[in-house]
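As a plain string of letters, each chain reads:
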Amino acid sequence: MTETEIRNRSPQPKPWIEAIHAYVPGKSAGKDGRPLIKLSANENPLGTSELALAARAQAPALYPDPDSKALRARLGELHGIDPARIVMGTGSDELLNLAAQGYAGPGDEVIYVRYGFSVYDIAARRCGATPVVAPDADYGTDVDALLALVTEKTRVVFIANPNNPTGSFLPRGDIARLHAALPADVLLVIDQAYGEYVAAEDDDGGMALAETHENVLVTRTFSKIFGLAGERIGWGTGAPGIIATLNRIRGPFNVSSTGQAMAKAALDDMAFVERARVHNRDERTRFVEQIEAMGNHGLRALPSQANFVLILFEGALRAETAFEGLAERGYIVRWLPNQGLPHGLRITIGHPHDMDAIAAALREMAEAAR
Ligand SMILES: *Cc1c(COP(=O)(O)O)cnc(C)c1O
């Protein structure tokens with residue numbers, strides 16, 4: 001047999017699957033393998049609730065409840081949502097993928113913004129749909145630019161609010177305007193992975209839209225402010241038709257027993273969530289002020305409503321150099337050349353002494369780079 005014949009006899013992936021760039025996670029160890037303080041994955045520096053940790057030990061080792069009934073009931077109670085309108089996912093990542101798969105396929109278009117969350121691109125491609133990328137407005141979401149790309153092929157629009165990796169936030173009016181201008185048969189996915197970090201008075205109105213319209217799915221996660229990223233628990237809410245669609249195609253036992261127990265216990269400790277929100281807000285403000293004082297060196301912190309800040313390096317100090325310098329000092333942050341941001345570092349808000357050390361190191365490097 002010739003080599004070509006052999007190759008033709010091996011399974012061939014679908015061309016749209018081959019076109020996917022696999023998700024690139026942040027690093028967590030230095031070049032020499034020594035552990036670094038990880039501020040690259042937007043995890044909660046305060047850990048997780050003691051109540052969640054206590055619940056871990058009690059989870060049974062049998063198959064989990066396939067419908068996460070107790071957890072959905074508790075979520076419904078807290079958010080004032082009928083639990084029948086809630087679907088659980090293996091992280092919200094699963095739900096984002098299912099939303100694309102459920103509503104789009106080959107020949108259809110899925111829109112998201114430039115510098116949006118990298119999972120949307122994978123979600124669009126893996127069901128064979130065509131990703132359509134809307135231009136940004138100084139790294140933020142430009143509602144008009146996005147709407148200009150809507151065609152009769154558009155099936156799904158993804159918006160993260162706040163957005164990752166930019167931290168930018170669309171206020172309620174903009175979200176309402178975006179939704180109002182979309183055709184009723186286009187699914188608007190509002191990814192609120194960082195929703196709990198936003199002050200209550202700044203609520204983007206996504207939940208209310210999901211409750212009152214047939215074409216809105218809001219996704220949330222226990223990975224960020226709840227500090228349960230390792231358990232992989234996300235949830236979504238929307239019209240019964242959307243929930244039924246996602247339930248048809250999700251993994252039958254997609255949330256582990258431990259995950260269900262820990263998440264439910266975490267919801268009984270909203271004081272922890274509030275502590276984390278206030279810590280993040282205060283530390284983010286302090287950190288951004290220190291970066292703003294380096295404006296003369298070309299460092300720019302984009303306004304963030306999330307638990308991280310994207311710093312742009314527009315002067316002599318390059319982002320890659322800063323990334324390596326921080327790693328030498330024991331800190332791993334996220335450098336984003338794969339997302340069109342070779343000049344950006346996304347830094348998770350951590351403990352005060354770490355943020356101070358990072359700011360001091362950036363200043364030292366910026367002054368040396370002149
Ligand atoms: C972290 C993140 C998620 C959540 O991922 P999980 O699968 O729930 O851990 C979703 N969307 C955005 C924008 C994120 O940054």
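Residues numbered from 1 in each chain as written. Predicted model: local features only at pLDDT ≥ 70, side-chain atom pairs only at ≥ 80, totals over all residues. Heavy atoms only, no water.

- You'll find the protein chain entered in an unreviewed UniProt entry as Histidinol-phosphate aminotransferase, with Novosphingobium malaysiense given as the organism.
- Looking at the Cofactor (unreviewed entry) heading of the UniProt record, one finds this comment for the protein chain: "pyridoxal 5'-phosphate".
- If you open the UniProt record of the protein chain and go to Subunit (unreviewed entry), you find "Homodimer." (UniProt positions renumbered as here; feature names shortened; annotations may be inferred.)

1. Brief notes about the site of the ligand
Item 1. Around the ligand sit 13 residues in total, of which Asp191, Tyr194, Thr221, Ser223 and Lys224 are the nearest.
Item 2. In this structure, Asn164 approaches the ligand through a side-chain N or O atom, which is 2.7 Å from an oxygen atom.
Item 3. Within the side chain of Lys224, an N or O atom sits 3.2 Å from an oxygen atom of the ligand.
Item 4. For the shell around the ligand, the residue count by class is four nonpolar, five polar and four charged. (Near = heavy atom within 4 Å. Polar contact = N/O pair within 3.5 Å; in protein donor to acceptor, adjacent residues only side chain to side chain. Nonpolar A, V, L, I, M, F, W, Y, C, P; charged D, E, K, R; others polar.)

2. Comments concerning helix H8 (residues 172-181)
Item 1. What H8 keeps buried is the set Ile175, Leu178 and His179. End-on, the buried residues of H8 take up no more than an arc of 95 degrees, which puts them together on one face.
Item 2. Next to the buried residues of H8 lie helix H7 (143-147), strand E5 (154-160), strand E6 (187-191), helix H9 (206-212) and strand E7 (216-221). (Buried < 20%, exposed > 50% of the residue type's maximum accessible area, 1.4 Å probe, protein only. Helix = DSSP H or I, 4+ residues; strand = E, 2+ residues; numbered from the N terminus. Arc of directions from axis to C-beta. Contact = heavy atoms within 4.5 Å.)

3. Points about the UniProt feature "modified residue: N6-(pyridoxal phosphate)lysine" (unreviewed entry) in the protein chain
Item 1. Listed under "modified residue: N6-(pyridoxal phosphate)lysine" (unreviewed entry) in the UniProt record, and renumbered for this structure, are Lys224.
Item 2. The topology assignment puts Lys224 in the loop between E7 and strand E8 (233-238).
Item 3. In this structure Lys224 comes out as buried when scored by relative accessible area, which is 15%.
Item 4. Setting aside anything within four residues of it in sequence, one finds Lys224 in contact with Ala41, Asn42, Asn44, Ala193, Tyr194 and Tyr197.
Item 5. Among the polar contacts listed, one links the side chain of Lys224 to the side chain of Tyr194, at a separation of 3.1 Å.

4. Brief notes about the environment of Leu182
Item 1. In this fold, Leu182 is placed in the loop between H8 and E6.
Item 2. Of the residues examined, Leu182 reaches a relative accessible area of 6% and is grouped as buried.
Item 3. Taking the C-alpha atoms as reference points, Leu182 and Asn215, 33 residues apart in sequence, are found 9.5 Å from one another.
Item 4. Setting aside chain neighbours within four positions, we find Leu182 in contact with Leu147, Val150, Val157 and Leu188.

5. What about the sheet that holds strand E2 (residues 86-90)?
Item 1. Overall, mixed pairing links the seven strands, which are arranged E2-E8-E7-E6-E5-E3-E4 in an open sheet. At either margin of the open sheet sits one strand with a lone partner, and together these are E2 and strand E4 (130-134). Geometrically, the sheet is characterised by an average inter-axis angle of 25 degrees between neighbouring strands, direction not taken into account.
Item 2. Where E5 meets E6, five bridges bridge the pair, whose relative direction is parallel. Looking across to E6, one finds that Ala160 is bridged to Asp191.
Item 3. Contacts from helix H6 (residues 118-126) reach strand E3 (109-113), E4, E5 and E6, with the element oriented near 160 degrees to E5. (Pairing = 2+ DSSP bridges. Axes fitted to C-alpha atoms, helices over the stretch in contact; angles between N-to-C directions.)

6. Focus: the UniProt feature "domain: Aminotransferase class I/classII large" (unreviewed entry) in the protein chain
Item 1. Mapped onto the present numbering, the UniProt feature "domain: Aminotransferase class I/classII large" (unreviewed entry) falls at residues 35-360.
Item 2. Secondary structure across residues 35-360 comprises 38% helix and 19% strand; the distance between its end C-alpha atoms is 21 Å.

7. A few points about the domain arrangement of the protein chain
Item 1. For the protein chain, the assigned domains read domain 1 (16-46 + 272-368) and domain 2 (62-268).
Item 2. For domain 1 and domain 2, the distance between their C-alpha centroids amounts to 25 Å.
Item 3. Between domain 1 and domain 2 lies a buried interface of about 2500 Å² when both sides are counted; carbon and sulfur atoms form 62% of it.
Item 4. For the pair domain 1 and domain 2, the number of links is one salt bridge. (Domains from an automatic or database assignment. Buried area = accessible area lost by both parts, 1.4 Å probe. Salt bridge = Lys/Arg side-chain N within 4 Å of Asp/Glu carboxyl O.)

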